[in-house]
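Architecture at a glance
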Amino acid sequence: MGKAASPCRIRYEVIPKDPNPVSIRVLDPRVAQQVAAGEVVDRPASVVKELVENSLDAGATRVEVELGDGGTSHILVRDDGSGMSSEDAPRSVLRHATSKIQAVSDLEAVTTLGFRGEALASVASVSAFCLTTSTGDGAGTKVVVDGGDPAKVSLTAHPKGTTIFVDRLFYNVPARRAFLKGARAERAAILEILTHLGIAHPSVAFRLAEKGRDYLSLPAAQNLLERLAQVYGVAKARVMRPVEYESGAFKISGYAALPSVTEGSRSCQTVAVNSRWVRAENLTRGIDDAYRATLPSGRYPPVALRLEVDPHRVDVNVHPTKQLVRFSEERAARAAVGSAIREAIEWRPPPPSTVPRPTERPYTQERFSAPHAPAPDYARVAEHRHDYSPPVRDLSEVRERLAEASAPLSGATPEAASKEQIDAPELPERGALPSLEELRVIGQLAAGYILVEEPGSLWIVDQHVAHERAILDRLTDAEGDSGLPTTQALLVPEVVELPLSEAAAATEHLEELAVYGFEAEPFGPNSFRITGVISTLAGRDVAGAFKEALAAAKGTEPGRRREDHILATIACHSAVKLGDKLSQPEMEALIRDWLTSHLPATCPHGRSICYHIGINEVARKLDRH
Ligand code: ADP
Ligand code: MG
């Protein structure tokens, strides 16, 4: 031990009393600006977002972003927008200086992405900032601001548009600089933001480059689908379903992928409200509602939605970064997004064809027909090969491939056909389904797979998964025609025994499970007697369903996920199993229920339900060339 002061010897320092104590000071404007800047820019990605949104507001058709070390050493944003006059340019870096609104009332109908007049002032206060701009007539203007110092203005040459160079971001705010992640993480965040902005503004060309390497190159696209093809690749874009929906105050358009096409993170979902890319919790929830019970956890289908709403009904001034928005009718917004996507991805019978079908059919055995309208001609779709292709960068290649993918349908003009195909992308191989009106159940293979013949092909359907899909559909679709299954008393009550440790906790969940049709009561110290279940479960694996529903109730947080989990469990145990021998009418009923369910192409856990073998393939195997 050194000569440390003994703990009991405390030194009191006598501070002389200030005759005029001042503890509240008005901050130096520069310090105030640097503090406030933190609200608008907290990392390179937020700088890029603000600068690119300014370029979009200026009507740019091309926006280029160049980075040094993922934006941590420098960021350059160049556009071909309107540019600024020599009078406006120095003003643009002043705090609360904007050309976009004049009065608070303007906020109610703001159509530009910016309006707070804070971004340039904020960025300029925390970096070595240089703006060069020109309106295209006369000389350009250069405005240099170092860490919030007064601007130095000079004349310079610049084509029409604006270039902003942000050097050494946060060099004068060490605490903030310390929070920056590595170049790779910052670059990834910038790439994500530019991708979202690219999807929200398809007609604008975007490029992101660093050290001569392109990280993103999106040529101007003719429409949203073409932009999606550039971002996700042609194969994925082709399986996105068009969304077209209007309800009350909301008009929604765009594309949504079938649940069989997913990505590993939510960053593939873009929502723009009145052309502003936003992150709004309720809209995200609306997307989740639509895909409810169709996805394995942690998977997200690509979605690109444009929501139009009267600007008076949405508040965009909720947060300095303007990414959050608030609707006057939050719940209606969520419901509208949910319904819009659901309508797009659900199976829908197409309008009856005006072309009469040939009356002569090569089948003698009776077919059962769809209860409603005829099913779409999925068989043609299924013939198509879908290879995954990496994102395509070159525009002409994208157009060519989209055109190639949409070979004209016989009878239609090439233009009409290609438009129809681009507008209504085909289903992926996994999403392909037999057509209900044309099929015939041939039999069962290994008591597990139902063999279905359709003109020109053989379908092999996993009986358990197809049945599970059909049942879950009934369980979750309370408003559907079929109605929720009713509960049914069991002829012979089933007694389920649990380990003693679990039995006590199980009693607490009996009331909740009753909501799902389980009529159960304690029966001895560690047993339960089940006297009634939902009708789909009667005669099936009642005990298994009860145990798993209990585990789902115990192991999941209350809310929608829990409900989905319990319903999926019930559907799984209600469904026929691999190994269950089925009669011809049972198989036909199963196939019909499955194909008329809302999302027949996807199993609740994201597994494949069926696959098909074309007659050509059979012929090839048998050497009939
Ligand atoms: P806001 O976008 O909220 O108006 P900013 O600080 O981002 O505030 O920009 C201030 C002003 O500078 C804008 O209102 C606009 O007039 C002008 N400006 C900024 N960036 C550009 C640009 N790239 N092209 C043309 N004008 C711009
Ligand atoms: Mg702005």
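Cut-offs and rules
Residues numbered from 1 in each chain as written. Chains lettered and ligands numbered in written order. Predicted model: local features only at pLDDT ≥ 70, side-chain atom pairs only at ≥ 80, totals over all residues. Heavy atoms only, no water. Helix = DSSP H or I, 4+ residues; strand = E, 2+ residues; numbered from the N terminus. Expected span 1.5 Å × (residues − 1). Buried < 20%, exposed > 50% of the residue type's maximum accessible area, 1.4 Å probe, protein only. Contact = heavy atoms within 4.5 Å. Near = heavy atom within 4 Å. Polar contact = N/O pair within 3.5 Å; in protein donor to acceptor, adjacent residues only side chain to side chain. Areas by Shrake-Rupley, 256 points an atom, 1.4 Å probe, with all protein chains shown as cover. pLDDT = per-residue confidence, 0-100. Pairing = 2+ DSSP bridges. Axes fitted to C-alpha atoms, helices over the stretch in contact; angles between N-to-C directions. Core = buried A, V, L, I, M, F, W, Y, C linked by side-chain atoms within 4.5 Å. Salt bridge = Lys/Arg side-chain N within 4 Å of Asp/Glu carboxyl O. Left-handed = near helix turned anticlockwise from the far one by under 90°. Nonpolar A, V, L, I, M, F, W, Y, C, P; charged D, E, K, R; others polar.

A separate point is helix α10 (residues 330–345). Between the first and last C-alpha of α10 there are 23 Å, a value that for 16 residues agrees with the 22 Å anticipated at 1.5 Å per step. Residues of α10 that are buried: Ala-333, Ala-336, Val-337, Gly-338, Ala-340, Ile-341, Ala-344 and Ile-345. Where α10 is buried, its residues contact β9 (240–247), β10 (250–257), α9 (281–290), β13 (303–308) and β15 (326–327).

To continue, consider the environment of Ala-128. Tracing the sequence through the fold places Ala-128 in strand β3 (residues 128–134). With 40 residues separating them in the primary sequence, Ala-128 and Arg-168 have C-alpha atoms 6.2 Å apart.

Every one of the 19 residues lining ligand 1 counts as a neighbour, but Asn-54, Thr-98, Ser-99, Lys-100 and Gly-117 are closest to it. Asp-79 places a side-chain nitrogen or oxygen 2.9 Å from a nitrogen atom of ligand 1. Note that an oxygen atom of ligand 1 is positioned 2.5 Å from one of the side-chain N or O atoms of Thr-98. Within the complex, the protein chains bury 93% of what would otherwise be the 530 Å² of accessible surface of ligand 1.

Bringing the confidence of the model for the chain into the picture now. Averaged over all residues, the pLDDT of the chain is 79; the fraction at 70 or higher stands at 78%. Mean pLDDT per element in the chain: helix α11 (residues 378–383) is the minimum at 33, and strand β2 (residues 74–79) is the maximum at 97. Here residues 1–8 scores under 50 on pLDDT; set against residues more than four positions off or in separate chains, the count is 0 contacts. Segment residues 353–431: pLDDT under 50, and 142 contacts once partners within four positions in sequence are set aside and those in other chains are kept.

Moving on: the sheet that holds strand β16 (residues 440–445). With antiparallel pairing, the 4 strands of this open sheet are ordered in space as β16-β17-β18-β22. At either margin of the open sheet sits one strand with a lone partner, and together these are β16 and β22 (610–614). Neighbour-to-neighbour, the strand axes of this sheet turn through a mean angle of 25°, independent of strand direction. In the sheet, strand β17 (residues 449–454) pairs with strand β18 (residues 457–462) via 6 bridges, with the strands oriented antiparallel. Bridge pairing in β18 places Glu-454 opposite Ser-457. Contacts between helix α14 (residues 463–476) and the sheet are confined to β16, β17 and β18, with β18 contributing the most and set at about 70° to the helix. The strands that helix α18 (residues 584–595) touches are β16, β17, β18 and β22; relative to β16, the one it contacts most, it runs at about 110°.

Pairing is mixed across the open sheet formed by 8 strands, whose spatial order is β5-β4-β3-β6-β2-β1-β7-β8. Among the strands making up the open sheet, the edge pair consists of β5 (152–156) and β8 (213–218). Each adjacent strand pair in this sheet contributes to an overall mean axis angle of 10°, direction not counted. The sheet contact formed by β3 and strand β6 (residues 161–167) spans 7 bridges and is antiparallel. The residue of β6 that forms the bridge with Ala-128 is Asp-167.

Here β16 runs beside β17; their pairing, made up of 5 bridges, is antiparallel. Residue pairing for β17: Gln-444 is matched across the bridge by Ile-450. Hairpin connection from β16 to β17: 3 residues lie between these consecutive antiparallel strands, with Ala-446 at a positive phi of about 50°.

Within the largest apolar cluster, 60 residues are counted, with the highest numbers of intra-cluster contacts made by Val-52, Phe-129, Val-166, Leu-194, Phe-206 and Leu-228. Counting residues per element, this core draws most heavily on helix α6 (residues 183–200), which supplies 7 residues. Apart from the residues within four sequence positions on either side, Val-52 is in contact with Val-63, Val-65, Val-77, Leu-194, Leu-197 and Phe-206. By size, the runner-up hydrophobic cluster in this structure holds 33 residues, among which are Leu-305, Val-314, Ile-345 and Leu-599.

Right, let's talk about the pattern of salt bridges for a bit. Within this structure, the stated rule accounts for 18 salt bridges. The shortest N-O distance in the salt bridge between Arg-334 and Asp-289 comes to 2.9 Å. Highlighted residues: Arg-334 in helix α10 and Asp-289 in helix α9, separated in sequence by 45 residues. Arg-313 serves as the salt-bridge partner of Glu-329, at 2.5 Å between the closest nitrogen and oxygen. Of this pair, Glu-329 sits in the loop between β15 and α10 while Arg-313 sits in the loop between β13 and β14 (314–315), and the two are 16 residues apart along the sequence. Of the residues examined, Glu-329 reaches a relative accessible area of 29% and is grouped as partly exposed.

Once that is clear, we can look at the pairing of strand β21 (residues 527–534). Taking burial as the measure, the 8 residues of β21 include 6 buried ones, the bulk of the element. In this structure, strand β19 (residues 487–497) lies alongside β21, joined through 7 bridges in antiparallel fashion. Across the sheet, the residue bridging to Glu-494 is Ile-530, located in β21. Summarising the sheet, strand β20 (residues 519–522) and β21 pair through 4 bridges and their orientation is antiparallel. By the bridge assignment for β21, Glu-521 is matched with Arg-529. In this antiparallel pair of consecutive strands, β20 and β21, the connection spans 4 residues, and Gly-524 shows a positive phi of 85°.

Here we come to the packing of α9 against α10. Closest axis-to-axis distance for the α9/α10 pair is 7 Å, and the angle between their directions is 35°. The two elements α9 and α10 meet at a crossing, and its hand is right-handed. Between α9, through Asn-282, Leu-283, Arg-285, Gly-286, Ile-287, Asp-289 and Ala-290, and α10, the contact on the second element is made entirely by Glu-330, Ala-333, Arg-334, Val-337, Gly-338, Ile-341, Arg-342 and Ile-345. For the contact of α9 with α10, a count of residues per class yields 7 nonpolar, 3 polar and 5 charged.

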